[in-house]
Amino acid sequence: MAAHNELGKLGEELATEYLQKEGYEILETNWVFQKAELDIIAQKGGILAAVEVKTRSSLEFGLPQEFVKPKKIQLLSKAINEYVISNDLDVNVRFDVISIYKNEKKFEIEHLIDAFYHF
């Protein structure tokens, strides 16, 4: 597996652990619909969170969340809509980004709630 794929997998594992510690129930990981993949689908209370995880080994090229582009947001929106319909859910949906980057020898995690309002 390429190093960047391993880093991405580690980031998703760290994000899953973080969300569980914060009281979220993890419903799905790596859920795919057409060309979109939802990294994590989690629920806390009546909120369904579609979570995009962005992991970087440094901040040299910018913050991880800056790599979520409008086309990706559009694909994620279609995917979570399909997930809600196919599972007949009655929930409020929001989009979060978990930004993870290496700071010296440890990983820093930032959870951006309703992240697409920040773009």
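Residue numbers restart at each chain and count upward from 1, following the sequence in its written direction. Per-residue local features are limited, in this predicted model, to residues with pLDDT of at least 70; the limit for side-chain atom pairs, both in listing and counting, is 80 or more; totals at the level of whole chains, interfaces and linings are taken over all residues. The side-chain figures draw on all heavy atoms in the structure; neither hydrogens nor water molecules are used.

S.K.: Sorry, what's going on with the overall build of the protein here?
M.R.: The way it works is that DSSP assigns letters per residue, a run of H or I at least four long becomes a helix, a run of E at least two long becomes a strand, and they are numbered from the N terminus. Per the secondary structure count, the protein includes 2 helices and 5 strands. All radius of gyration figures rest on C-alpha atoms, and the globule criterion is 2.2 Å times the number of residues raised to 0.38. Taken against the 2.2 N^0.38 rule, which gives 14 Å for 119 residues, the C-alpha radius of gyration of the protein at 14 Å falls within 12% of a compact globule. Taking the principal axes of the C-alpha coordinates as reference, the protein spans close to 45 × 30 × 30 Å. Between buried and exposed lies partly exposed: a residue is buried under 20% and exposed over 50% of the maximum accessible area for its type, with that area taken using a 1.4 Å probe on protein chains only. By the burial criterion, 39% of the 119 residues in the protein qualify as buried.

S.K.: Got a minute to help me understand the pattern of salt bridges in this structure?
M.R.: Any two side chains of opposite charge can pair, on the condition that their charged atoms come close. A side-chain nitrogen of Lys or Arg and a carboxyl oxygen of Asp or Glu constitute a salt bridge if their distance falls within 4 Å. Per the counting criterion, the structure on display carries 4 salt bridges. Across the pair Glu52 and Lys54 runs a salt bridge, and its minimum N-O distance is 3.6 Å. Lys54 matches Glu52 in its accessibility class, with the two residues each being buried. Notably, a salt bridge pairs Arg94 with Asp96, separated by 2.8 Å at the nearest N-O pair. As far as burial versus exposure is concerned, Arg94 and Asp96 are alike and both buried. Connected through shared salt-bridge partners, Glu52, Lys54 and Lys72 make up one network.

S.K.: Quick question: what am I supposed to make of the sheet that holds strand β5 (residues 106–112) here?
M.R.: Picture the strands of a sheet paired through backbone hydrogen bonds; they go either parallel or antiparallel. Between any two strands, pairing holds if DSSP finds at least two bridges. Judged by pairing direction, the sheet is mixed, and its 5 strands sit side by side in the order β1-β2-β3-β4-β5 without closing on themselves. The open sheet has two edge strands with one neighbour each: β1 (25–33) and β5. Each neighbouring strand pair of the sheet contributes to a mean axis angle of 30 degrees, computed without reference to strand direction. As judged from the 10 bridges shared by strand β3 (residues 47–56) and strand β4 (residues 92–103), these two strands associate in the parallel manner. Each residue of the ladder has a partner; that of Thr55, found in β4, is Ile100. Between N-to-C directions, angles span 0 to 180 degrees; the directions come from axes that are lines fitted to C-alpha atoms, helices contributing only their stretch in contact.

S.K.: Even after reading the chapter, I still don't get the pairing of β4, so can you show me in this structure?
M.R.: It is a general feature of regular strands that their side chains alternate between the two faces of the sheet. Where β4 meets β5, 7 bridges bridge the pair, whose relative direction is antiparallel. Note that in β5 the partner of Ile100 across the bridge is Ile109. Taking the residues between adjacent antiparallel strands as the criterion, β4 and β5 are bridged by 2 residues, where Glu104 takes a positive phi near 60 degrees.

S.K.: What exactly am I supposed to notice about the packing of aromatic side chains here?
M.R.: Given two aromatic rings, one states the distance between the centres and the angle between the planes to describe the pair. Pairing of aromatic rings covers Phe, Tyr and Trp, the last counted by its six-membered ring, and requires centre-to-centre distances within 6.5 Å; plane angles under 30 degrees mean stacked, over 60 mean edge-to-face, and any other angle means tilted. A full pass over the atoms with the stated rule returns 2 aromatic pairs. For the ring pair Trp31 and Tyr83, a centre distance of 5.1 Å and an interplane angle of 85 degrees mean the geometry is edge-to-face. Highlighted residues: Trp31 in strand β1 and Tyr83 in helix α2 (residues 70–86), separated in sequence by 52 residues. Classification of Trp31 by relative accessible area gives buried; the value is 17%. Feature note: the residues Trp31, Phe33 and Tyr83 constitute an aromatic cluster, connected by ring pairs.

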